[in-house]
Amino acid sequence: MQPSSSFMTHSRISSAPASAAAPPSDRRASRAAGFTLLELLVVLAILGLLASLVAPRMFGNVSKSEVKVARAQIAAFETAIENFRLDVGRYPSTEEGLAALTRAPSGADARWAGPYLKKAVPADPWGNGYLYRAPGERGDFDLVSLGRDGRPGGTGDDADLANR
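Engineer: Lay out the overall build of the chain with the relevant residues and their values.
Structural biologist: On a plain count of helices and strands, the chain comes out with three helices and three strands. Counted from the first residue to the last, the chain has its helices and strands arranged as α-α-α-β-β-β. Partitioning the contacts of the chain with sequence separation of at least 6, the portion at a separation of at least 24 is 41%. Of the roughly 11700 Å² that the chain leaves accessible, carbon and sulfur atoms contribute 61%.

Below, the structure is given as structure tokens:
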């Protein structure tokens, strides 16, 4: 019995080994397309070193900018307090505090032409409230931020910032 001719034509088997399917240049290109774990670790180490050099300088600038923001806020409050005095004829009392700049205190309704601040009185850049005293120890009123530590006194970033 002879095998059918259709069987012979459809059943060709390749005799070439599987590793010879792709030419050597293609195999090198596929390996070069990605990164090895060692290369990734080297890049991460370099980025870590750069971050350790840059981060202290950036955080130093943040503390300087917080002091500048506190000084600018104190200056804005001083202007608002002076405008209050021009309209009402007196400075806000210690009890009225800085809230008198955003809503009329009792007894000043007729002459109060505020609000003297566009928004509510913000906390200082460190999240603490400003201290207001009238009459003040250094002038007609004292306006103080207690600095980063939130306690009287201190040096550097912890130093108190005050008007005048």
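Engineer: So what about the side chain of Glu96? Which residues, and what values?
Structural biologist: Note that Glu96 resides in the loop between helix 3 (37-88) and strand 1 (131-133). Reaching out from Glu96, the side chain makes a polar contact with the side chain of Arg90 at a distance of 2.9 Å. Apart from the residues lying within four places of it in its own chain, the contact partners of Glu96 are Arg90, Pro105 and Ser106.

Engineer: Can you break down the pattern of salt bridges residue by residue, with the values?
Structural biologist: Counted under the stated rule, the structure contains three salt bridges. A salt bridge links Arg85 to Glu82, with the nearest nitrogen and oxygen atoms 3.2 Å apart. Of this pair, Arg85 and Glu82 both sit in helix 3, three residues apart, which is roughly one turn of the helix. A salt bridge links Arg90 to Glu96, with the nearest nitrogen and oxygen atoms 2.9 Å apart.

Engineer: Go over the packing of aromatic side chains, please, and point to the residues and values.
Structural biologist: In this description, a pair of aromatic rings is defined by centroid distance and the angle of the planes. This model, assessed by the stated rule, comprises five aromatic pairs. Considering the side-chain rings of Tyr91 and Phe141, the 5.1 Å spacing of their centres and the 50° angle between planes classify their relative orientation as tilted. Note that Tyr91 is positioned in the loop between helix 3 and strand 1 and Phe141 in the loop between strand 1 and strand 2 (142-145), a separation of 50 residues in sequence. The two residues Tyr91 and Phe141 agree in class, both being buried. Here Trp112 and Tyr116 contribute two aromatic rings whose centre-to-centre distance is 5.6 Å and whose plane-to-plane angle is 90°, an arrangement assigned as edge-to-face. Each member of the pair, Trp112 as well as Tyr116, is classed as buried. What links up through ring pairs into an aromatic cluster is the set Phe84, Trp112 and Tyr116.

Engineer: So what's going on with the sheet that holds strand 3 (residues 161-162)? Residues and values would help.
Structural biologist: Read from one edge to the other, the open sheet built from three strands follows the order 1-2-3, with strand pairing classed as antiparallel. The sheet terminates laterally at strand 1 and strand 3, the two strands that pair on one side only. Two elements, strand 1 and strand 2, share three bridges in a ladder whose sense is antiparallel. In the strand pairing of strand 2, Tyr132 is matched with Leu143.

Engineer: Can you break down the confidence of the model for the chain residue by residue, with the values?
Structural biologist: With 74% of its residues at a pLDDT of at least 70, the chain reaches an overall mean of 78. Across the chain, element-level confidence peaks in strand 1 with a mean pLDDT of 91 and bottoms out in helix 1 (residues 5-10) with 51.

Criteria and cut-off values
Every residue gets a number counted from 1 within its own chain, in the order that chain's sequence is written. Residue-level local features of this predicted model are given only where pLDDT is at least 70; pairs of side-chain atoms are given and counted only at 80 or more, and the full residue set underlies all totals for whole chains, interfaces and linings. Think of the side-chain values as coming from all heavy atoms in the structure, minus any hydrogens and water. In this description a helix means any DSSP run of H or I spanning at least four residues, a strand means any run of E spanning at least two, and both kinds are numbered starting from the N terminus. What makes two residues a contact is simply this: any of their non-hydrogen atoms within 4.5 Å. A 1.4 Å probe and the Shrake-Rupley method give the accessible areas. Residues count as covered only by the protein chains that appear here. Any pair of nitrogen or oxygen atoms within 3.5 Å is treated as a polar contact; in protein, a donor-acceptor pairing is required on top of that, and neighbouring residues in sequence qualify only through side-chain atoms on both sides. Put simply, a salt bridge is a Lys or Arg side-chain nitrogen that is within 4 Å of an Asp or Glu carboxyl oxygen. Only the six-membered ring of Trp is used, alongside the rings of Phe and Tyr, when aromatic pairs are assigned; centres must lie within 6.5 Å, and planes under 30 degrees apart are stacked while those over 60 apart are edge-to-face, with the rest tilted. Throughout this description, buried means an accessible area under 20% of the type-specific maximum (1.4 Å probe, protein chains only), exposed means over 50%, and partly exposed covers the range between. For two strands to count as paired, DSSP must find a minimum of two bridges between them. What pLDDT reports is the predictor's confidence in each residue, on a scale of 0 through 100.

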